[in-house]
Amino acid sequence: MLSFLLTAGLCFVSTNEPPSHEEATKVVVKEGTRTSSKAVKHSPAVPEERAKTEKAEGAEEAPKTLPKPVRRVVRKPKPMHAPATLAASEAVQQRLMLDNVKLQQEVAQAQMRVLLENPILTPDAALAELVAGNKRFMDGKRVRSLMSNQDPAVRDSLIKGQAPFAVIITCSDSRLSDNLIFDQGLGRLFTIREAGNCPDIQGLASVEYAVEHLGSKLVVVLGHTACGAVKAVKEAHGKPMPGNLWSLQAAMAGIETEIHEDPNETPTEHLRRMERGNALRQARIIMDRSEIVRHLVAAGKVKVLPALYDLSTGRVTFMDLPAEAPAGHH
Ligand SMILES: [Zn+2]
């Protein structure tokens, strides 16, 4: 429906003339699919009013850098009267849906070209891309991770190889997905996921592969609020956890003694500080244990950043990583 609204929007935004019969027809179609026939009769005819309607539907979200909309009829529907029968109405609806799919595919292919022609070349550009994608996610305006019509084009473009601009080391928690929260499609993020976002030796090897061979510019250690892994380690108070869970305690060793519970804070606040502390600690460990990463960071080609994802707001907050290596990890 988005593309269809955009199609209609092109006509409305770009002209101050009273609506022609053809445009009026489009209003009828658009309003008719959204509301009732009553709304159709009262669809605004004054240009300002129509502009407001478009704005309310988010049709003016195009970036400011784009050229002024040119009056261009993408598709020229025949003047259409309200279909007399249900079958006729459904046939019209089906035709509009097919048109919509075609338009979305055209937009998606154009987007793919733009993405491929503008690779991300620096750590700062990679960070800006993640921040922008996370904002779209928070605002409920995801684009790239929603455009399912671009899937075939993306797959085609990725057959020859991948060049993910960022490495995301994050928790296995089902309530977060890096591609969604950063609004990125296939081929954009190289992901390592384990409970508690503590990369083991294979995790470190994966990071090294991405930064050295795939050209990733940014390594993000992404913890999150209400992390069960951090909470379990916190509540074990140093007693060995069952099964293989001891390895989580080992990976977070010392976090409890480093981040003391303050009598003035709630258990949740303390857990939050531990979650932040763990992301910071794991980022430091990557720097400390990977000569390849250290070398690329020193050359300014890669950055390593800890971050925390808030389950309730959807916001990812990036933290600074101090230059010094952590004590006790040499
Ligand atoms: Zn977690």
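Use the structure listed above.
Worth saying up front: this structure is predicted, and the values here are computed from it rather than measured.

Undergrad: Any chance you could explain the overall build of the protein chain here in plain terms?
TA: When helices and strands are tallied, the protein chain shows 14 helices and five strands. Burial status across the protein chain gives 38% buried among its 330 residues. Here the contacts in the protein chain between residues at least 6 apart in sequence split such that 70% fall between residues at least 24 apart. For the protein chain, the exposed area adds up to about 19000 Å²; of that, 57% sits on carbon and sulfur atoms.

Undergrad: How should I be thinking about the packing of helix H10 (residues 228-236) against helix H13 (residues 267-289) in this particular structure?
TA: In helix packing, the relevant descriptors are the interaxial angle and the interaxial distance, both defined with respect to the helix axes. Running from N to C, H10 and H13 point in directions that differ by 110°, and their axes come no closer than 10 Å. It follows from the interaxial angle that H10 and H13 lie roughly perpendicular. When the axes of H10 and H13 are compared, the crossing they make is right-handed. Touching Val230, Lys231 and Lys234 of H10 are Pro267, His270, Leu271, Met274, Glu275 and Asn278, all from H13. Split into classes, the residues belonging to the contact of H10 with H13 amount to four nonpolar, two polar and three charged.

Undergrad: Looking at this structure, how should I read the sheet that holds strand E2 (residues 189-193)?
TA: Pairing between the strands of a sheet comes from backbone hydrogen bonds, and it takes one of two forms, parallel or antiparallel. Strands sit in the order E2-E1-E3-E4-E5 across an open sheet of five strands; the sheet is mixed. The open sheet terminates on both sides in strands that have one partner only, identified here as E2 and strand E5 (316-318). On average, each strand axis in the sheet is inclined to that of its neighbour by 25°, with strand direction left out of account. When strand E3 (residues 218-224) meets strand E4 (residues 303-309), the two strands line up parallel, connected through seven bridges. When the bridges of E4 are listed, Gly223 appears paired with Leu308. Packing against the sheet, H13 makes contact with strand E1 (166-170), E3 and E4, and its axis sits at approximately 160° to E4.

Undergrad: Sorry if this is basic, but what is going on with the side chain of Gln282 here?
TA: Among the structural elements, Gln282 can be located in helix H13. The class for Gln282 is buried, based on a relative accessible area of 2%. Excluding anything up to four places from it in sequence, Gln282 contacts Asn197, Cys198, Pro199, Val221, Ala251 and Met252.

Undergrad: Is there a simple way to explain the pattern of salt bridges in this structure?
TA: When charged atoms on two side chains of opposite charge get close, those side chains can pair. Evaluated as defined, the whole model comprises 10 salt bridges. Linking Arg144 and Glu129 is a salt bridge whose minimum nitrogen-to-oxygen distance equals 2.3 Å. Taken as a pair, Arg144 in the loop between helix H6 (123-138) and helix H7 (151-158) and Glu129 in helix H6 lie far apart in primary sequence, 15 residues in all. The pair formed by Arg144 and Glu129 is uniform in burial state, with each residue classed as buried. For Lys135, the salt bridge is made with Asp139, and the minimal N-O distance between the two is 2.6 Å. Judged by its relative accessible area of 48%, Lys135 is partly exposed.

Undergrad: What should I look at first to understand unusual backbone geometry in this one?
TA: Excluding glycine, residues mostly have negative phi values, and the peptide bonds linking residues are mostly trans. Even without a glycine there, the phi angle at Asn197 is positive, about 40°. Along the chain, Asn197 turns up in the loop between E2 and helix H9 (201-214). One non-glycine residue, His237, adopts positive backbone phi at about 45°. Relative to the assigned elements, His237 resides in the loop between H10 and helix H11 (246-251).

Undergrad: Sorry if this is basic, but what is going on with the environment of Ala229 here?
TA: As for its position among the elements, Ala229 is in helix H10. Judged by its relative accessible area of 11%, Ala229 is buried. Taking the C-alpha atoms as reference points, Ala229 and Cys198, separated by 31 residues in sequence, lie 10.0 Å from one another. Once residues lying within four places of it in the same chain are set aside, the contact partners of Ala229 are Ala195, Gly196, Leu248 and Met252.

Undergrad: Is there a simple way to think about the nonpolar core in this case?
TA: When a protein is soluble and globular, its nonpolar side chains tend to lie buried together. Core analysis: the largest hydrophobic core is formed by 22 residues, its most contacted members being Val167, Ile169, Val207, Val219, Ile286, Val293 and Val304. Counting residues per element, this core draws most heavily on H9, which supplies five residues. Those residues in contact with Ile286 that lie beyond four places of it in its chain are Ile169, Pro199, Leu204, Val207, Val219, Val221 and Val293. By size, the runner-up hydrophobic cluster in this structure holds 17 residues, among which are Leu130, Ala166, Leu176 and Ala307.

Undergrad: Help me out: how do you make sense of the coordination of the zinc ion in this one?
TA: Four donors placed tetrahedrally about a metal ideally form angles of 109.5 degrees, and six donors placed octahedrally ideally form angles of 90 or 180 degrees. Within the protein, Cys171 (SG), His224 (NE2) and Cys227 (SG) serve as the donor atoms for the zinc ion, at 2.0 to 2.3 Å. Binding-site remark: the zinc ion is held by donors from one chain whose sequence spacing is C-x52-H-x2-C. Of this pair, Cys171 sits in the loop between E1 and helix H8 (178-181) while His224 sits in strand E3, and the two are 53 residues apart along the sequence. By relative accessible area, which is 5% here, Cys171 ends up buried. His224 sits in the buried class, given a relative accessible area of 1%.

Undergrad: Got a minute to help me understand H10 in this structure?
TA: Turning to H10, its buried residues are Ala229, Val230, Val233, Lys234 and Ala236. Taken down its axis, H10 places every buried residue within 165° of arc, on the same side. Contacts from the buried residues of H10 go to H11, helix H12 (255-258) and H13. A positive phi of about 45° marks His237, the residue just after H10.

Conventions used here
Residues numbered from 1 in each chain as written. Predicted model: local features only at pLDDT ≥ 70, side-chain atom pairs only at ≥ 80, totals over all residues. Heavy atoms only, no water. Helix = DSSP H or I, 4+ residues; strand = E, 2+ residues; numbered from the N terminus. Buried < 20%, exposed > 50% of the residue type's maximum accessible area, 1.4 Å probe, protein only. Contact = heavy atoms within 4.5 Å. Areas by Shrake-Rupley, 256 points an atom, 1.4 Å probe, with all protein chains shown as cover. Axes fitted to C-alpha atoms, helices over the stretch in contact; angles between N-to-C directions. Parallel < 35°, antiparallel > 145°, perpendicular 65-115°, else oblique. Left-handed = near helix turned anticlockwise from the far one by under 90°. Nonpolar A, V, L, I, M, F, W, Y, C, P; charged D, E, K, R; others polar. Pairing = 2+ DSSP bridges. Salt bridge = Lys/Arg side-chain N within 4 Å of Asp/Glu carboxyl O. Core = buried A, V, L, I, M, F, W, Y, C linked by side-chain atoms within 4.5 Å. Donors = N, O, S within 2.8 Å, 3.2 Å for Na, K, Ca; no water. Arc of directions from axis to C-beta.

In short, geometric facts, not functional conclusions.
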